[in-house]
Amino acid sequence: MYLDSFFTFRPMKKTQSFHTKTVHAGVDLSKDHGAISSPIFNASTFAFPDAEQGSAIHEGEIAGYFYSRINNPTQESLEAAMTTLENGEASIAFSSGMAAISNVLLTYLKSGDHLVAPESIYASTSGLLDYFKSLEIEVTFVDATEQENYKRAIRKNTKVFYMESPGNPTLKLCDIEAISSIAKNNKINTVVDNTFATPYNQNPLNLGADAVVHSMTKYIGGHADLLGGVLVGSKELVEKCRWNINKLFGGVPSAFTCWLALRGIKTLALRMEKHNSNAMEAANFLEAHPKVKKVHYPGLPSHAQHDLAEKQMSGFGGMIAFDVGGVKEGRQFVNSVQLCTLAVSLGDVSTLVQHSASMTHASVPKELREKAGITDGLIRLSVGIENVDDIIKDLEQALSTIN
Ligand code: LCS
């Protein structure tokens, strides 16, 4: 028998630095028998103490585990960590980023409601919003770089302002504070996809947003070995989402996925430091290169919203987009990289490149793509944590093959 009572729960202090939080968040020695690494609870079901308590746990009236579609101790450790990192009240983890996005939106929206979203976002998110139209949820896509466009789009039935900042793949920003303030004045909920920035560089809840979502598949996991998502927000929102929506939809992550994400979080700050500095150097190199028409990186003074980036982000992230001309040049570039890997997804320790018009945004009609700034020659670069000189050498040799 292990002396569990020896360990007392040590809550994270709000004043602790982000680096410290990433290492300790979610670790509860009192709950996990003193284990420094959260155990993987591979249990689908949990015993009830008796019928009365079982009934109360089953209905969510008292805390406890009963079935891993609702909650699981490993999932709860991950949720505690994400709540700490995003300064929220509560979190719920999902089997993918798309599960997080669809769940939070369906917690807020029903048929007859209206949502406003950026025209330039991750293609499957636009696809989901298009699908919502078939459920009679109205959707308006706007140029989200202008906060006034959200205001102008408000209707009587507007319930959600959706943001993705920086946006995938154009690196366009939303002014989270200004748009959240317009929303509050009009009793509208705000949801921010913080996948590109990560909580290391940006905390939307501190800027007034109601809810944050992540594809944990990216920087939170960090090693291209898991699919996961998370929603962070108020206790009320998260519990509504858990009990009213995801209990029925079932988009839960496995305990092993949660454990991988928890392990990723421990090095999030260290990795992001390197992603940020490598991306800044790579962006400067690309901007000076004669074969590159345009570089989109929030950390460059040439970025149209650089001032906003400086205001709402503490670092500019690891994602860069740049234009090499047209489809032919874009494909030539991605076919020529040797160190960088031609792959979709992002946020991995290794550098990934993709040609948006052929890959992530191939399903978006050309005129909509162009309207959103996804030009034919746009390359998206997820800068890894390798030695930056090696990354730049590879970019240089791949650019030299374009004629
Ligand atoms: N939000 C953003 C900003 C994303 O980039 C992605 C995936 C998602 C949500 C969805 O997350 P998932 O369900 O895949 O965990 N982005 C991808 C991309 O750019 N290439 O492959 C996936």
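Basis of the calculations
- Sequence order as written defines residue numbering, which begins from 1 separately in each chain.
- Predicted model: local features are reported for residues with pLDDT of at least 70 only, side-chain atom pairs are reported and counted for 80 or more only, and whole-chain, interface and lining totals are derived from all residues.
- Side-chain descriptors were evaluated using all non-hydrogen atoms of the structure, hydrogens and water having been removed beforehand.
- Helix and strand definitions here come from DSSP, where helices need a minimum of 4 consecutive H or I residues and strands a minimum of 2 consecutive E residues; each element is numbered from the N-terminal end.
- The span you would expect from a helix comes to 1.5 Å times its residue count less one.
- Partly exposed residues are those whose accessible area sits between 20% and 50% of the maximum for their type, while under 20% is buried and over 50% is exposed, using a 1.4 Å probe and protein chains only.
- Identification of polar contacts relies on pairs of N or O atoms within 3.5 Å, with a donor-acceptor requirement for protein atoms, meaning one able to donate a hydrogen and the other able to accept it, and with residues adjacent in sequence counted only if both atoms are side-chain atoms.
- The contact rule is simple, with two residues in contact once any of their heavy atoms fall within 4.5 Å.
- At least two DSSP bridges between two strands are required for those strands to pair.
- All axes are obtained by fitting lines to C-alpha atoms, using only the stretch in contact for helices, and the reported angles, taken between N-to-C directions, cover 0 to 180 degrees.
- The source of the domain bounds is an automatic or database domain assignment.
- When two parts are put together, the accessible area they lose, computed with a 1.4 Å probe and summed over both, is reported as buried area.
- By convention in these notes, a salt bridge is any Lys or Arg side-chain nitrogen within 4 Å of a carboxyl oxygen on Asp or Glu.
- Whether a crossover is right-handed comes down to one check: with the strands pointing away from the viewer, does the path from the first strand over the helix to the second run clockwise; if it does, it is right-handed.
- Aromatic rings from Phe, Tyr and Trp, taking only the six-membered ring of Trp, are treated as a pair when their centres fall within 6.5 Å; an angle between ring planes under 30 degrees marks them as stacked, one over 60 as edge-to-face, and anything in between as tilted.
- Here a crossing is called left-handed whenever its near helix is offset anticlockwise from the far helix by less than a right angle, and right-handed whenever the offset is clockwise.
- Each residue receives one of three labels: charged for Asp, Glu, Lys and Arg, nonpolar for Ala, Val, Leu, Ile, Met, Phe, Trp, Tyr, Cys and Pro, and polar for the others, Gly being one of them.

Undergrad: Looking at this structure, I do not really get helix H4 (residues 97–108). What am I missing?
TA: An α-helical turn contains 3.6 residues, so any two residues separated by three or four positions project in the same direction. The end-to-end C-alpha distance of H4 is 17 Å, a good match for the 16 Å that 12 residues give at a rise of 1.5 Å each. Along H4, 11 of the 12 residues are buried, which leaves the element largely enclosed by surrounding structure. Inspection of H4 places Gly97, Ala99, Ala100, Ile101, Ser102, Asn103, Val104, Leu105, Leu106, Thr107 and Tyr108 among the buried residues, and these make up the whole buried set. Near the N-terminus of H4, the side chain that reaches the backbone nitrogen of Met98, with its oxygen 3.4 Å away, is that of Ser96.

Undergrad: Can you help me understand the side chain of Asp32 in this one?
TA: Structurally, Asp32 is set in the loop between helix H1 (18–24) and helix H2 (51–58). For Asp32, the contacting residues outside a window of four places in its chain are Ser38, Pro39, Phe41 and Ser77.

Undergrad: In this structure, what is going on with the sheet that holds strand E11 (residues 352–355)? I would like to understand it.
TA: Backbone hydrogen bonds hold the strands of a sheet together, and the pairing may be parallel or antiparallel. Pairing is mixed across the open sheet formed by 5 strands, whose spatial order is E8-E9-E12-E11-E10. This sheet does not close on itself; its edge strands, each paired only once, are strand E8 (294–296) and strand E10 (341–342). In the sheet, E11 pairs with strand E12 (residues 378–382) via 4 bridges, with the strands oriented antiparallel. Within E12, the position partnered with Gln354 by the bridge is Arg380. Sheet strands in contact with helix H13 (residues 327–336) are strand E9 (319–323), E10, E11 and E12, and its direction is about 155 degrees off that of E11.

Undergrad: When you look at the sheet that holds strand E4 (residues 158–164) in this model, what are you seeing that I'm missing?
TA: If you walk across this open sheet you meet the 7 strands as E1-E7-E6-E5-E4-E2-E3, and the pairing is mixed. The strands lining the two open edges of the sheet, one partner per strand, are strand E1 (90–94) and strand E3 (138–142). When the angles between neighbouring strand axes are averaged without regard to direction, this sheet yields 20 degrees. Seen against the sheet, helix H3 (residues 73–85) touches E1, strand E6 (211–215) and strand E7 (229–233) and runs at an angle of roughly 125 degrees to E1.

Undergrad: Hey, could you run me through the domain arrangement of the protein chain in this one?
TA: A common way to state how big an interface is: give the accessible area lost once the parts meet. The domains assigned to the protein chain are domain 1 (14–265) and domain 2 (270–400). Taking only C-alpha atoms into account, the centre of domain 1 sits 26 Å from that of domain 2. Taken together, the contact pairs 36 residues of domain 1 with 40 residues of domain 2. Counting the surface lost from both domain 1 and domain 2, the interface buries some 2,900 Å², and carbon and sulfur atoms represent 55% of this.

Undergrad: In this structure, what is going on with the pattern of salt bridges? I would like to understand it.
TA: Summed over the entire model, instances satisfying the criterion amount to 13 salt bridges. Between Lys133 and Asp130 there is a salt bridge; the shortest N-O distance is 3.0 Å. Here the residue Lys133 and the residue Asp130 both occupy positions in helix H5 (residues 123–134), the gap between them amounting to 3 residues, near one helical turn. Taking relative accessible area as the criterion, Asp130 reaches 39% and is therefore assigned partly exposed. Here Asp376 makes a salt bridge to Lys366, at a shortest N to O gap of 2.6 Å.

Undergrad: What am I meant to see in the pairing of strand E2 (residues 114–118) here?
TA: For a regular strand, side chains alternate in direction, first toward one face of the sheet and then toward the other. Within E2, 5 of the 5 residues are buried, which leaves the element mostly enclosed by the surrounding structure. With burial as the criterion, each face of E2 is covered, one bearing His114, Val116 and Pro118 and the other bearing Leu115 and Ala117. Each parallel crossover has a hand, and for E2 linked through H5 to E3 it is right-handed.

Undergrad: Would you take a moment to explain helix H7 (residues 176–185) for this structure?
TA: Inspection of H7 places Ile176, Ala178, Ile179, Ser180, Ile182 and Ala183 among the buried residues, and these make up the whole buried set. Residues of H7 that are buried in the fold lie against helix H6 (147–153), E4, strand E5 (189–193) and helix H12 (306–312). Backbone geometry just after H7 places Lys187 at a positive phi near 55 degrees.

Undergrad: Please explain the packing of aromatic side chains as it appears in this structure.
TA: Pairs of aromatic rings are described using the distance from one ring centre to the other and the angle between the two planes. Scanning the entire structure with this criterion turns up 7 aromatic pairs. Look at Phe46 and Tyr65: their rings are 5.5 Å apart centre to centre, the planes differ by 40 degrees, and that puts the pair in the tilted class. Taken as a pair, Phe46 in the loop between H1 and H2 and Tyr65 in the loop between H2 and H3 lie far apart in primary sequence, 19 residues in all. Taking the relative accessible area as the measure of exposure, Tyr65 reaches 21% and is therefore partly exposed. Relative to Trp259, the ring of Phe256 has its centre 6.0 Å away and its plane inclined at 15 degrees; by these criteria the two rings are stacked. Note that Phe256 and Trp259 are positioned in helix H10 (residues 255–266) at a spacing of 3 residues, about one turn of the helix. Phe256 gets classed as partly exposed once you look at its relative accessible area, which sits at 43%. On the basis of relative accessible area, Trp259 is assigned to the buried category, the value being 18%. Aromatic rings pair up to connect Phe48, Phe66 and Trp243 into one cluster.

Undergrad: Please clarify how the packing of H3 against H10 should be interpreted in this entry.
TA: In a pair of packed helices, the angle between the axes and the distance between the axes together describe the arrangement. Running from amino to carboxyl end, H3 crosses H10 at an angle of 35 degrees, the nearest separation of the two axes being 8 Å. Both H3 and H10 take part in a crossing whose hand is left-handed. Contacts between H3 and H10 involve Thr74, Gln75, Ser77, Leu78, Ala81, Met82 and Leu85 on the former and, on the latter, Ala255, Cys258, Trp259, Ala261, Leu262 and Ile265. In the contact of H3 with H10, the residues fall into 10 nonpolar, 3 polar and no charged.

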